[in-house]
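Below, each chain spelled out in residue letters.
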Number of protein chains: 2
Amino acid sequence: MTGLSFSDIEAAAARIQVHKTNVVSSSILDQIAGSEHYAKHLLFKCELLQKTGSFKFRGASNAVMSLNETDARKGVCTHSSGNHAQALALAAKIRGIPAYVVMPSNSPQVKKSAVRGYGAQVIECEPTLQAREDAAKKVIEDTGATFIHPFNNYNVMAGQGTIGLEFVQQAQEMGTPLDAVIVPVGGGGMLSGISTAVRHLSPNTKVFAAEPINVNDCSRSYSAKSHQLNAVGATSVADGLLTNVGTNTLPIIMEKVDGVFTVSEEDIIRTTKLVWTYLKLCIEPSAAVGVAVALYNKEFRAKSEELDLRNIGVILCGGNVDIVKIARLIESIEA
Amino acid sequence: MTGLSFSDIEAAAARIQVHKTNVVSSSILDQIAGSEHYAKHLLFKCELLQKTGSFKFRGASNAVMSLNETDARKGVCTHSSGNHAQALALAAKIRGIPAYVVMPSNSPQVKKSAVRGYGAQVIECEPTLQAREDAAKKVIEDTGATFIHPFNNYNVMAGQGTIGLEFVQQAQEMGTPLDAVIVPVGGGGMLSGISTAVRHLSPNTKVFAAEPINVNDCSRSYSAKSHQLNAVGATSVADGLLTNVGTNTLPIIMEKVDGVFTVSEEDIIRTTKLVWTYLKLCIEPSAAVGVAVALYNKEFRAKSEELDLRNIGVILCGGNVDIVKIARLIESIEA
């Protein structure tokens, strides 16, 4: 019993109003992923085109819509400076309830504005984890708002799982059913949801996780069969994936995921450029991590040939980036 | 009698195998396009996600598929260093016939590689119009190949018209039928095709052209009701739109288009950034020209309120760009 079942995902799909995001492909990326003697077809699920620019809206929306009327009226709260904050803000706005987002005072102005733009109240705090937690606790005491964790919450996981539901069906309709799907992993909410959906709907489809080698806690936890954490200060250009896997997500990952692959910073940046250039999609580096596994990870390439995996789905999880910053990164690897 | 009818476009739609490209939108861009007292909804047709990265594949494909078997076997030829060359190369490859592309010897290596990558034979020549035409003439004499003009060819126009066919239908299905559509204009092939389709399918939908003010031959020709040319050397960041309107396209434009609006270089770059940031789509600057009209052209904004145009379609015509170069352009207007 893992706390997340397929019926939770079906219920989420019926409850939330999200974009059914497109699935796209590129013959050039197929060529890079395959080889002369082994053709592959990559299918990209465009969650960067989801409302608020990332898949996080699905989970936030399901968590907000799952609240009873009394709790809902008191609002929701989170401490995040990333995509979950924007997602929760919009989800609350749509339900017409307050959202309180605790953000470190040194967060970029553009992130605070984005969250405020969706109508949330931003509560600033000192840039430490303790200060964030204290500030959130105070908000909750003062308002009665419900705390919505970005990934360690089963309603959030169920919302993210709707990606898997759509993707399996879309790939079948396109005549290229998924042999495998690669999901970037940070806290593991999306991975838990998608693996639960895919295992149920298409038991023969493999589910793999993709992680930056710099923050490879999921890979080490998966191998060690116990919760391993990232070193304090470990970082990556894939800044959406810095988080450690959650206590509620790891058991699901252990049970339902077929392997975890890691990629280097250089491969993440190189892949970001390929996706911008050939798919014409402005992904954030976190979204390149899954693609980089398909293109450059030797163990993945060997395993996919061994298991005869040809139609490989990859989640492009978000697109909230500073364009100029990414372009500089791309230049940095070309120099 | 203009040489292009709606039935040509229907026939093209049945003949060519193209991506039915997605239609997307952004609440933030809607806010910028509208005002407090006048709400607007922009619908973006994603031709940058078309095969070969631009709408040009539709027209090239229709031209290639329209050839009889004898002519087809001898191949097709064009002189272009842009999106039409790649599009024709792939269209020929799909039919299994030769493609000959005349390109100036100083064309960027990446463009030559792209055309060769689709299997075409590149014939290099001196970088003058005369040398290009001479080289193309020689190829045609030597091989019997058919010359496929990038826009002044009715089969090409009919192929581009399939964008209009899809877009009218998609907007209706989305519950937001088009009050107007804005189409970037260079040679006018896409504008001729789309205006012919839209006029037929949805007579109340206005069709407007969008042009960089630096190369405003279409705008001047439209006002003067006679063929006006750009000054030699006139240029724009929207490098897909430098061409003068064609002798075969201008009469169609005069008959079927409701107005031509122009935008500044700065507005084109600013809009490119907005589309990359909020739609997460790596458009080329040419594709920003239509969006820039919707966002920043005062005459367009006044006219749309006067005519009560609310659902505005815009064609994002292509996405073949050097990312780093565009990022530098974006930085240049921010400095």
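Residues numbered from 1 in each chain as written. Chains lettered and ligands numbered in written order. Predicted model: local features only at pLDDT ≥ 70, side-chain atom pairs only at ≥ 80, totals over all residues. Heavy atoms only, no water.

## Notes on the environment of B:Thr143
Residues and elements named next belong to chain B. With respect to the element layout, Thr 143 can be found in helix α7 (residues 129–143). The sequence separation of Thr 143 and Gln 121 amounts to 22 residues, and the corresponding C-alpha distance is 12 Å. If sequence neighbours within four positions are ignored, Thr 143 has contacts with Lys 74 and Tyr 100. Here Val 139 takes part through its backbone oxygen, which lies 2.7 Å from a polar atom of the side chain of Thr 143. (Helix = DSSP H or I, 4+ residues; strand = E, 2+ residues; numbered from the N terminus. Contact = heavy atoms within 4.5 Å. Polar contact = N/O pair within 3.5 Å; in protein donor to acceptor, adjacent residues only side chain to side chain.)

## Observations concerning the UniProt feature "domain: Tryptophan synthase beta chain-like PALP" (unreviewed entry) in chain A
Look at the UniProt record and you will see "domain: Tryptophan synthase beta chain-like PALP" (unreviewed entry) annotated at residues 21–318 of chain A. As annotated, residues 21–318 of chain A comprises 49% helix and 16% strand, and the C-alpha atoms at either end are separated by 12 Å. (UniProt positions renumbered as here; feature names shortened; annotations may be inferred.)

## Focus: the sheet that holds strand β8 (residues 206–212) of chain B
Residue and element names in this part refer to chain B. Within the open sheet, the 6 strands sit side by side as β1-β2-β10-β7-β8-β9. Their pairing is mixed. For this open sheet the edge positions go to β1 (23–24) and β9 (259–263), each flanked by a neighbour on one side alone. Note: strand β7 (residues 180–184) against β8, 5 bridges, orientation parallel. Following the sheet pairing, Ile 182 is matched in β8 by Phe 208. (Pairing = 2+ DSSP bridges.)

## Some thoughts on unusual backbone geometry
Trans is the common state for peptide bonds, and a negative phi is the common state for residues other than glycine. Positioned with a positive phi, A:Lys280 is a non-glycine residue whose angle comes to about 60 degrees. By secondary structure assignment, the location of A:Lys280 is in the loop between α12 (265–279) and α13 (285–296).

## Notes on the packing of helix α3 (residues 56–65) of chain A against helix α8 (residues 154–173) of chain A
Residues and elements named next belong to chain A. Close contact between α3 and α8 brings their axes to 7 Å; oriented N to C, the two are set at 130 degrees. Accordingly, the angle class assigned to the pair α3 and α8 is oblique. Crossing of α3 over α8 shows right-handed handedness. In contact with Lys 56, Arg 58, Gly 59, Asn 62 and Ala 63 of α3, α8 contributes Asn 155, Val 156, Ala 158, Gly 159, Gln 160, Thr 162, Ile 163 and Glu 166. Across the contact of α3 with α8, the residue classes break down as 4 nonpolar, 6 polar and 3 charged. (Axes fitted to C-alpha atoms, helices over the stretch in contact; angles between N-to-C directions. Parallel < 35°, antiparallel > 145°, perpendicular 65-115°, else oblique. Left-handed = near helix turned anticlockwise from the far one by under 90°. Nonpolar A, V, L, I, M, F, W, Y, C, P; charged D, E, K, R; others polar.)

## A short note on the domain arrangement of chain A
Residue and element names in this part refer to chain A. Considered domain by domain, chain A is made up of domain 1 (6–54 + 153–331) and domain 2 (56–147). Between domain 1 and domain 2, the residue contacts involve 23 residues of the former and 14 residues of the latter. Note on domain 1 versus domain 2: buried area summed over both sides is about 1,600 Å², and carbon and sulfur give 51% of it. Together, Arg 15, Thr 52 and Ser 54 form the three largest contributors to the area buried by domain 1 at its contact with domain 2, with a combined 35%. Counting every contact that joins domain 1 to domain 2 gives 2 salt bridges. Elements that contribute at least two residues to the side of domain 1 that touches domain 2 include exactly α1 (6–15) and α8. (Domains from an automatic or database assignment. Buried area = accessible area lost by both parts, 1.4 Å probe. Salt bridge = Lys/Arg side-chain N within 4 Å of Asp/Glu carboxyl O.)

## Focus: the interface of chain B and chain A
Counting from both sides, the interface comprises 20 residues of chain B and, opposite them, 20 residues of chain A. With both chains or domains summed, chain B and chain A bury close to 1,800 Å², and 66% of this area falls on carbon and sulfur atoms. Looking at the side of chain B facing chain A, the largest losses of area belong to B:Lys280, B:Ile323 and B:Val324, adding up to 34% of the total buried there. Here chain B and chain A share 2 salt bridges between them. Between A:Glu331 and B:Arg328 there is a salt bridge, with the nearest N and O atoms lying 2.3 Å from each other. Summed over the shared surface of chain B and chain A, the number is 8 residue pairs in polar contact (both at pLDDT 80 or more). Sorting the residues of the side of chain B that touches chain A by element identifies α12 (265–279) and α15 (323–334) of chain B as the ones contributing at least two each. The element contributing the most residues to the side of chain B that touches chain A is α15(B), with 7 residues. Class assignment of the residues belonging to the side of chain B that touches chain A gives a composition of 10 nonpolar, 5 polar and 5 charged.

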